[in-house]
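# Observations on the three-dimensional arrangement
Chain by chain, the residues:
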Amino acid sequence: MNVGFQYLANISSSTRDRQRCSNMYATSCATNPDILSRETSSSEMLVDSFGRFHNYLRISLTERCNLRCQYCMPAEGVELTPNSELLSHDEIIRIANIFVTSGVDKIRLTGGEPTIRKDIEDICLHLSGLKGLKTLAMTTNGIVLSKKLPKLKECGLNALNISLDTLVPAKFEFMTRRKGHSKVMESIDAAVELGYNPVKVNCVIMRGMNDDEICNFVELTRHKPINVRFIEFMPFDGNVWNVKKLVPYAEMLDKVRQNYKGVERLQDHPTDTAKNFRIDGHVGTISFITSMTEHFCAGCNRLRLLADGNFKVCLFGPSEVSLREPIHAGVDDAGLKEIIGAAVKRKKAKHAGMFDIAKTANRPMIHIGG
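An account of the accompanying structure is given in this report. (Residues numbered from 1 in each chain as written. Predicted model: local features only at pLDDT ≥ 70, side-chain atom pairs only at ≥ 80, totals over all residues. Heavy atoms only, no water.)

### Some words on the pattern of salt bridges
- Considering all chains together, one arrives at 14 salt bridges under this definition.
- With its nearest N and O atoms 3.4 Å apart, the salt bridge here joins Asp212 to Lys171. Placement of the pair is Asp212 in the loop between β5 (199–205) and α9 (214–219) and Lys171 in helix α7 (residues 169–176), with a sequence separation of 41 residues.
- On the basis of relative accessibility, which here comes to 18%, the residue Lys171 falls in the buried class. (Salt bridge = Lys/Arg side-chain N within 4 Å of Asp/Glu carboxyl O. Helix = DSSP H or I, 4+ residues; strand = E, 2+ residues; numbered from the N terminus. Buried < 20%, exposed > 50% of the residue type's maximum accessible area, 1.4 Å probe, protein only.)

### Focus: the pairing of β5
- With six of its seven residues buried, β5 lies for the most part within the structure.
- With three bridges joining them, strand β4 (residues 159–163) and β5 adopt parallel strand pairing. Along β5, the bridge assignment pairs Ser163 with Asn202.
- Across seven bridges, β5 lies against strand β6 (residues 226–232) in parallel orientation. Looking at β6, one finds that Val201 is bridged to Val228.
- Following the chain from β5 across α9 to the adjacent parallel β6, one finds a crossover that is right-handed. (Pairing = 2+ DSSP bridges. Right-handed = clockwise from strand over helix to strand, strands pointing away.)

### Quick look at unusual backbone geometry
- Of the consecutive residues Gly111 and Gly112, the connecting peptide bond is found in the cis state with omega at 20°.
- Mapped onto the secondary structure, Gly112 falls in the loop between β2 (106–110) and α5 (120–128).
- Between Asn197 and the following residue, Pro198, the backbone shows a cis peptide bond with an omega angle of 5°.
- Of note, Pro198 is situated in the loop between α8 (181–193) and β5.
- A positive phi angle, close to 60°, is found at Arg177, a residue other than glycine.
- Within the secondary structure, Arg177 sits in the loop between α7 and α8.

### As for the environment of Asn276
- Relative to the assigned elements, Asn276 resides in strand β8 (residues 274–279).
- For the pair formed by Asn276 and Ile289, sequence separation is 13 residues and the distance between their alpha carbons is 9.0 Å.
- Among the polar contacts made by the side chain of Asn276, one reaches the side chain of Asp272 at a distance of 3.4 Å.
- In terms of polar contacts, Asn276 uses its side chain to reach the backbone carbonyl oxygen of Ala274, at 3.4 Å. (Polar contact = N/O pair within 3.5 Å; in protein donor to acceptor, adjacent residues only side chain to side chain.)

### Some thoughts on the sheet that holds strand β12 (residues 321–322)
- The twelve strands lie next to each other as β7-β8-β9-β6-β5-β4-β3-β2-β1-β10-β11-β12, forming an open sheet whose pairing is mixed. The strands lining the two open edges of the sheet, one partner per strand, are β7 (263–265) and β12.
- In terms of strand pairing, strand β1 (residues 56–60) meets β2 through five bridges, oriented parallel. Its bridge partner lying in β2, Ser60 is registered against Thr110.
- Packed onto the sheet, α8 meets β4, β5 and β6 and runs at close to 160° relative to β4. (Contact = heavy atoms within 4.5 Å. Axes fitted to C-alpha atoms, helices over the stretch in contact; angles between N-to-C directions.)

Here it is, written out as structure tokens:
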């Protein structure tokens, strides 16, 4: 019996989470007996039962954040995992190396807020040095980014998304429950000056909140290499999602077309999450992420590693598998590949509809990673 199978067979059931993981592993053994009977090949580990190859890994470095965005965190806050139970620097690098040597060529660092992790530069340096990795990206709220970005770029960070949901400072403070609008704008400018092209700006649009600013955001793209990404409001635990707050992609695009001429659809990559457009005379571009009204599950190539070491194959799926527990139980890399491959094989063809997602127990976005 190999070490991966032995771990799955003997996993402790002393807590609810451990029992959940145990049930998942037992199911994988029962339905996919060949997966655990041999070492999973590199390509096979990242291919699900629908033939989708997953070459994109999102790694949450921390559950902590220096903002309290309404669509991400409940007003009362969330219970954070103790630091002692989060993945260490070495564990992150070890797991990332397993994925990269198996075919992942893009890693995105998320949080919480990844820039508040003290070893962020060292993590970037080690990840960017992994042979086969082409893109090391990060999604950040930009509050402390401007000061750290030069060093992060030196350490190999070569793609950047900055979250910003309003261009009005007072509204920013209301939406994030914190000050800092000017700091985010400084970070966007710093990224442009350092040569990031494009600088992606993530904007979650909510009716009655910031849907009146869509064209103001489009203006950011006129003279600078900025890609504004308008994101449909998505349901997560504690963010009080309501379909009335959702502004559909078609409505957002219609508003842009009413105010701008020469709005042209660009050719999207099959794995793109966004529908991309250029506007005549604009240096930058705009995109729409349509998770709710026009899902893009058929081309999904993304996997998620949470800060606590749980592995998640779908943003909206509640199923998680711990990788930290088998590491601490002494499972080797081959055993971890078996666990990862079994989880990938269980990935569903698509996520549920938005109303079903809203009723499905899932973690707050702060726990999952942006």
